[in-house]
Protein chains: 2
Amino acid sequence: MKWTGTPMIISYISIAVLLIILVCITILATHHSKRKFTNDVNQTDTRTIQDNIKSENIKNYLRIFSKEPHLSGSDANKKVAYAIANAWMEAGLEDVHMLPYEVLLSYPDFENPNSVVIRNSDGEEAFRSKGVSPVIIPDEQSGKYAGHQWLAYAGNGTVSAEIVYINHGTADDFENLKLMGVDVKDKIALMRYGHGFRGDKVYKAQQAGAVGAILFSDPWDVAQDGVDSDHVYPKTIWMPNESVQRGSLMHGHGDPLSPYYPSKIELFKGKTIKEAYDDGTLPSIPVLPVSYTTALQLMKRISGLDAPFDWQGSVGGNLTYKLGPGFGNGEKLTINVHSELKTNHKVVGSGFLVCGLIRLRIQNVIGYIRGSKEPDRYVMLGNHFDAWVYGSVDPNSGTAALAEVARAMMQTINETHWRPARTIVFNAWDAEEFGLIGSTEFVEEFVDILQKRAVVYINMDCIQGNSSFQSYRHVETVPTLEHVAIEAAKRVPNPSKEEKSSGRATVYDTWMNVFPDKEVGHPKIRVPGGGSDHAPFLNFAGVPVVNFKYKNYTAYSTYPLYHTMYETPFTNIHLMDTDDLAVHRAIGQYWAELAVMFADKTVLPVNTTNLASVMIKSYLPQLKTSILGMNVSRIDLDSILEQYALLSNSAQDLLKVAIRFQDTRQYHDTNHVRAVNERLISSERCFINPRGVSKHNPSARHVMFSVSDSDAYSNSLFAGIQNAVSMDSYEISPSTSNLREVINQISIVQYSVICVINTLKDAI
Amino acid sequence: MKWTGTPMIISYISIAVLLIILVCITILATHHSKRKFTNDVNQTDTRTIQDNIKSENIKNYLRIFSKEPHLSGSDANKKVAYAIANAWMEAGLEDVHMLPYEVLLSYPDFENPNSVVIRNSDGEEAFRSKGVSPVIIPDEQSGKYAGHQWLAYAGNGTVSAEIVYINHGTADDFENLKLMGVDVKDKIALMRYGHGFRGDKVYKAQQAGAVGAILFSDPWDVAQDGVDSDHVYPKTIWMPNESVQRGSLMHGHGDPLSPYYPSKIELFKGKTIKEAYDDGTLPSIPVLPVSYTTALQLMKRISGLDAPFDWQGSVGGNLTYKLGPGFGNGEKLTINVHSELKTNHKVVGSGFLVCGLIRLRIQNVIGYIRGSKEPDRYVMLGNHFDAWVYGSVDPNSGTAALAEVARAMMQTINETHWRPARTIVFNAWDAEEFGLIGSTEFVEEFVDILQKRAVVYINMDCIQGNSSFQSYRHVETVPTLEHVAIEAAKRVPNPSKEEKSSGRATVYDTWMNVFPDKEVGHPKIRVPGGGSDHAPFLNFAGVPVVNFKYKNYTAYSTYPLYHTMYETPFTNIHLMDTDDLAVHRAIGQYWAELAVMFADKTVLPVNTTNLASVMIKSYLPQLKTSILGMNVSRIDLDSILEQYALLSNSAQDLLKVAIRFQDTRQYHDTNHVRAVNERLISSERCFINPRGVSKHNPSARHVMFSVSDSDAYSNSLFAGIQNAVSMDSYEISPSTSNLREVINQISIVQYSVICVINTLKDAI
């Protein structure tokens, strides 16, 4: 066979051209074709981040952040802020800076401790409390004024009055005391901690006419193995003699003088101190906390009826608690409380202008890891750093873990090809202890931006134990994000050797083992209430949140050394998390895992179908029960139930639309993915009623999930409706406007549900 | 030279491979490189759209839409809604559908016309008005009840009382009348149209104690060449004998029974009719409009002092207007007004449930041209379609033009490669005439979606003349969009042959010629007030708007046949726009040009720098003037001025940040352009105070631009501050809370300005 060169060359050229075309087509096709769509994070990346989180670093951060007592507003706390900023910058976070606010704080007189004094009928002192807890581990606890026992925003003054005992000071307790014939008016209210926020106890006491209040921790809760030295701190985690829980009494969130708006120096403050007293934001009666040692001095003297069985506790061992009023032996009780409000707030009145002398500036710290693809979408992680004393548990167990998350992520960025697609924002909040002030002012300042850009806010206040993600309260989130909380937990190795050897390899396994929700087949997850910095994000801005902690399962709602001066690194390392801070490390790993899921999934993991399901299966039936419990006429009840039925229909519609949205979405291009994600973010915002759901709490704007009016630690489902319903229930003859208000509030929730339906659609 | 085949082939292959590489590099490079950034629309596309807009089609649409009297809530108006939907669908718009609302409307008794009756002292009728205007062009005006003279939401009933004349019924007029010693209490208030919204006149009359009111159009305004038949309609555009202006008296916007929320059948209505009367949303006194022919019967009888010079008009030629009270000859005045509220609203009270018998459903029409790149960004065009009678001018001159814009755009899409990058949404509003009801309910229903997705709302209610974009009110927009309004006007050919031959080639040239703003070098542009459907977009949702019209320059604020039965196609074609509807066509062209600029510019044309400049140069000095006019002590004034200075600083900060934002932005990729555009959109929303700026008007939420409390047609700059300032000015001894409220409102504006600054930045 003979070939001439030319045709052969032509043939080669043809092949070459064909090749060019083929290669180019392939390149273009690859370039243009939709990559097979997977919506998962790269687990190698998160594995690396998890591995990079080291106990040694956490321990180091912990020591730095809890070296001195660092009360918000103090120089020591400013030093902690700078230490955090420094740690973050060293880790490599971008644009680390402070966000300052000028707020109203409250301090005791550190030179004159508060005291409880008992005098006999001759006026001689029978007992006087020291008002200061003793140093037990001098190496860690010798800071000035560390032992001072006090409560923020207590009224100032000296009060002598008879004492009454009111158990935990819940609404039920006050009602029962009344039924037992004991009047709180003009008395000093003795109440124990637990079963709700301390500020609500005092608020109720003041409303009932009390002229002072004393709070104590009952050994029943905090020294369950006995109060002798072998069974309490520093030998165990239980609370020792002469120790007290400090805390804030503010009723509400954020700077009390600047509702809705940030307390920036250049902005006006809408409320006066007098108004804050008048509306109950601040208590006006003197209040102080006492140790169970001091409580014994009171308890053993109280006369009157025996307190009911479930009001009894372990103060004095077998001592029977009595209700009062007063002491049986003619002795008199006096409490001395030194308390001062401090601010640099200008008071503008008719013709006078007063400037406070002391500038009280708090400052949050913020830092970034900029996202590679969507830098304007924020996955926010946060924890507060201010403490009542040293705060090595609350909050600096979290502060240390967060700093290590930042460091480990930056290490991963520097050592691998990973960088989050969306921006991860690190937040350290100031003045949380005084009433979520730093985070609330931040949300008030940036609410418009957060509503557009924030994907999620993930809060970890502090660890409270070492055994598990335990009890229903300990991973809290909204229904749209439950699956993320679960998925992330499945990826974090169990920090407990014991649990691991029992075959529970991940934190999820222990969590599910201890708190299964059998109906849904995963662990129990509730919606968060107040009590930490996630609250303003969810309640005021409608940004969905995850709030988590590690705690031991006990009936008591927190850990025994909570808000005492004994929260120093010794407690973390030698009492709570003894296996080289394995729990602190697991906390950091879970935080990182959650963050990366929200930062890297192409389509945001927001499950509106679950929201609809939970509404239908759980929330609406609960609502119906409380409607049926209303004290109204049949015809009025029918009107309410009619609107309820319409709400119920809307929830069903949402379920259908959400399923369709999930099933049919396909992703054309960047614009389209961004549009889909915007709809998912926006759907969460639909539940914010700009006019609020509660007259008492300006930051409660979420019609489905807001902080309860009666207990700031709990969540109140459908707060607007519930407020209207309970208004009716307490009145014998409900007025028409209350009836209309119940229906109106149901309709407002329905409007929010319809908003989600409309938002998921691509056009009006 | 000898070559073996193989090397040669290799060489060819090498070249081919090189070629492959080169071509591929070129392809990839082209693909990846940022195209040179231009932020302009393709003028060939818009030229084609402009050319496709035809007068013949507009004429045709006009005839269809104004065939019958089509009052909102009537079957005839439903037919118009379907005719619009049909026209849009024929043009090819996508997803055309109706959005229904159930609202409170008001009608007269068409079988019993309203009347003014004058009886002599013996009780004999000296005069009785017909209450019905005559048919003049039977071909176009023979619809049933077309001539009925009435005002919506007037109180129902018969009142006999003395008459007083109060000029235009402005706040000043009422004050001056008082100074002249005439009391309005228990009188019938006679007021002429002009200088403000009629509903505000009646509101003030009722507040002053009037028991009824009569409104008339003064020939001074509406028949400037005389009232004889040669100088009025149908020979000229001036108002003829026996003609009246109809209209609504509602004080506020939207369904009076559903503030904040849409009047959907499934949602509750928050306000009762009684509450709407009590808070002044609805007048309770009988009111009717009369012709100048009937006004003469009243004027010539009124006794009392001569009215001031500027209260005089042309009723009766040289007749001197007097103030009253009452007639001089013992005659008595009675007005009979038949007015009924209609709704399907359920009234839920304590134990009773009442269902209205008549379902009053209104329905907006909506349709889309989906954007090719960002379908979830909406450029919204709108006009209402309901009319008092035939409405061929108000509103169907606009309705017809909008339908033709839709058709011409779709023709362009079908015949060229053009399609808008963002979605263009077409809106036809119902019940605008009753109080912007259709658009307000729409904005209330979709406010969350609009705040995320709406780029701009462009409103054109109706043409009012043929000469120019004239007078300061006739292209109204916010400072951020002024440059777009100007740029678009430069691209639309002048519809006036006369103007063209004078060298003014575009509508911009005439506009600039008639209303130059010499300081800024472009035509005068003001911020829109109320009076049409743009108001809820700007005031409630913070969506920036452009509102434009074509009108003749006269001192009178509208056209003479406004809201009469003589607004039929004859008027458009033979009296107002006689050159083959050239002005209607130019209106459509301007609308399209604006729409394409907002739909196609890669970076949204939102100029925040101009906003900052206008604040600094114009708004803040105006505010300072009104602060300095306050009746307060020096020390209080200083407090206010201190906050003013801080606001002023924030405006300066905004200017700097806005300039930097403009100068330094570079566009990396689709995500980045979207992020920049989101920031521009979001910055407009910063001015919405979710808690509102006015107690009287729940839809006023824009802290910079809201509808004035005292005149619904005007814009009130810094309404929240102004409301607080005027509270103080009217009181001799302002209370502290008022002083605090002024400062607070200044601070709220400042908060909005800071929000824009923060929003323009890419991180917190």
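The model shown is predicted, which means the values in this text are computed figures rather than measured ones.

Draft legend 1. Representation of the nonpolar core in the model. Residues A:Phe442 and B:Phe442 are the most contacted members of the largest nonpolar core, which totals 370 residues. Residues in contact with B:Phe442, not counting those within four places in the same chain, are A:Ile764, B:Leu99, B:Tyr101, B:Asn364, B:Ile366, B:Met380, B:Asn427, B:Trp429, B:Leu450 and B:Phe537.

Draft legend 2. Looking closely at the sheet that holds strand β4 (residues 125-128) of chain B. Residue and element names in this part refer to chain B. If you walk across this open sheet you meet the four strands as β4-β3-β12-β6, and the pairing is antiparallel. In this open sheet, the two strands that pair with only one neighbour each are β4 and β6 (157-160). Averaged over neighbouring strand pairs, the angle between their axes works out to 15° when direction is ignored. Relative to β4, strand β3 (residues 115-119) runs antiparallel, the two being bridged by three bridges. What sits directly across from Arg 119, in β4, is Glu 125. Contacting β3, β4 and β12 (332-337), helix α10 (residues 292-299) crosses the sheet at an angle of about 25° to β3.

Draft legend 3. Molecular detail of the confidence of the model for chain A. All names here are of chain A. For chain A, the mean per-residue pLDDT works out to 90, and 90% of the residues sit at or above 70. A low-confidence stretch, residues 1-5 (pLDDT under 50), is modelled with zero contacts involving residues beyond four sequence positions or located in other chains. This stretch, residues 728-734, has a pLDDT under 50; its non-local contacts, to residues over four places away or in other chains, come to 14 contacts. Predicted complex metrics record ipTM = 0.90 and pTM = 0.92.

Draft legend 4. Region of interest: the UniProt feature "domain: PA" (unreviewed entry) in chain A. In the numbering used here, UniProt assigns the feature "domain: PA" (unreviewed entry) to residues 159-247 of chain A. As annotated, residues 159-247 of chain A has a helix share of 26% and a strand share of 18%, and its two end C-alpha atoms lie 21 Å apart.

Draft legend 5. Up close: the sheet that holds strand β4 (residues 125-128) of chain A. All names here are of chain A. Here we have four strands laid out as an open sheet, ordered β4-β3-β12-β6, and antiparallel in their pairing. Lying at the two open borders of the sheet, with one neighbouring strand each, are β4 and β6 (157-160). For this sheet, the mean inter-axis angle between neighbouring strands, taken without regard to orientation, is 15°. By the bridge criterion, four bridges tie β6 to strand β12 (residues 332-337) in an arrangement that is antiparallel. Its bridge partner being in β12, Gly 157 is matched across the sheet by Val 337. Along the sheet face, helix α10 (residues 292-299) touches β3 (115-119), β4 and β12 and points at about 25° away from the line of β3.

Draft legend 6. Molecular detail of the state of the cysteines. All names here are of chain A. Per the counting criterion, the structure on display carries two disulfides over all chains. Here Cys 686 engages in a disulfide with Cys 755; their sulfurs sit 2.1 Å apart. Measuring the twist about the S-S bond at about -65°, one finds the Cys 686-Cys 755 disulfide to be left-handed. Taken together, the residues span a long stretch of sequence, with Cys 686 in the loop between α21 (670-685) and β24 (705-707) and Cys 755 in helix α23 (residues 736-760) at a distance of 69 residues. Side by side, Cys 686 and Cys 755 carry an identical accessibility label, which is buried.

Draft legend 7. Summary view of the packing of helix α3 (residues 55-65) of chain B against helix α17 (residues 569-576) of chain B. Residues and elements named next belong to chain B. At a minimum axis distance of 9 Å, the contact between α3 and α17 shows a crossing angle of 145°. Mapping the contact onto sequence places Lys 59, Leu 62 and Arg 63 in α3 and Pro 569, Asn 572 and Ile 573 in α17. In terms of residue class, the contact of α3 with α17 is built from three nonpolar, one polar and two charged.

Draft legend 8. Summary view of the pattern of salt bridges. Scanning all chains against the criterion turns up 68 salt bridges over all chains. Of the charged contacts, one joins A:Glu331 and A:Arg301 as a salt bridge, the two residues approaching to 2.5 Å between their closest N and O atoms. A residue pair is termed long-range when its members are at least 10 positions apart, and A:Glu331 in the loop between α10 and β12 and A:Arg301 in the loop between α10 and β12 qualify at 30 residues. For A:Glu499, the salt bridge is made with A:Arg504, and the minimal N-O distance between the two is 2.6 Å. The class for A:Glu499 is buried, based on a relative accessible area of 14%. Sharing partners across several salt bridges, the network here consists of A:Glu374, A:Asp376, A:Arg377, A:Arg422, A:Arg674 and B:Glu678.

Draft legend 9. Structural context of the side chain of A:Lys59. Residues and elements named next belong to chain A. Positionally, Lys 59 belongs in helix α3 (residues 55-65). We classify Lys 59 as buried; its relative accessible area is 12%. Looking at Lys 59, its side chain comes within polar contact range of the side chain of Asp 580, at 2.7 Å.

Draft legend 10. Structural context of helix α19 (residues 608-628) of chain B. All names here are of chain B. Given a rise of 1.5 Å per residue, 21 residues ought to cover 30 Å, and the 28 Å separating the end C-alpha atoms of α19 matches this to within 8%. Where α19 bends most, the angle comes to about 45°, and this point is Met 615. Taken residue by residue, α19 has Thr 608, Thr 609, Asn 610, Leu 611, Ala 612, Ser 613, Val 614, Met 615, Tyr 619, Leu 620, Leu 623 and Ile 627 as its buried positions. Its side-chain oxygen at 3.1 Å from the backbone nitrogen of Thr 609, Asn 607 defines the N-terminal cap of α19.

Draft legend 11. Layout of empty space enclosed by the protein. Applying the stated criterion across every chain yields a total of 12 cavities of 30 Å³ or more. Space inside the largest cavity adds up to approximately 640 Å³. In terms of lining, the largest cavity is formed by 35 residues, of which the most central are A:Gln451, A:Pro690, A:Arg701, B:Gln451 and B:Pro690. The set of elements that each furnish at least two residues to the lining of the largest cavity consists of α12 (437-453) and α23 of chain A together with α12 (437-453) and α23 (736-760) of chain B. Of the pockets and cavities examined, the second largest cavity occupies roughly 140 Å³. Together, 17 residues line the second largest cavity, and A:Gly252, A:His253, A:Lys271, A:Thr281 and A:Pro698 are the ones closest to its centre. Considered class by class, the residues forming the lining of the second largest cavity number four nonpolar, 10 polar and three charged. Both of domain 3 (107-342) and domain 4 (608-760) of chain A provide at least three residues apiece to the lining of the second largest cavity.

Scoring rules and cut-offs
- Residues numbered from 1 in each chain as written.
- Chains lettered and ligands numbered in written order.
- Predicted model: local features only at pLDDT ≥ 70, side-chain atom pairs only at ≥ 80, totals over all residues.
- Heavy atoms only, no water.
- Core = buried A, V, L, I, M, F, W, Y, C linked by side-chain atoms within 4.5 Å.
- Buried < 20%, exposed > 50% of the residue type's maximum accessible area, 1.4 Å probe, protein only.
- Contact = heavy atoms within 4.5 Å.
- Pairing = 2+ DSSP bridges.
- Helix = DSSP H or I, 4+ residues; strand = E, 2+ residues; numbered from the N terminus.
- Axes fitted to C-alpha atoms, helices over the stretch in contact; angles between N-to-C directions.
- pLDDT = per-residue confidence, 0-100.
- UniProt positions renumbered as here; feature names shortened; annotations may be inferred.
- Disulfide = S-S within 2.5 Å.
- Nonpolar A, V, L, I, M, F, W, Y, C, P; charged D, E, K, R; others polar.
- Salt bridge = Lys/Arg side-chain N within 4 Å of Asp/Glu carboxyl O.
- Polar contact = N/O pair within 3.5 Å; in protein donor to acceptor, adjacent residues only side chain to side chain.
- Expected span 1.5 Å × (residues − 1).
- Bend = angle between axes of the 7 residues up to and from the residue.
- 1 Å grid on protein atoms, 1.4 Å probe; cavity = no way out; pocket = protein on both sides within 12 Å on 5 of 7 lines; lining within 4 Å.
- Points joined across faces, edges and corners; volume = space filled by probe spheres on them.
- Domains from an automatic or database assignment.

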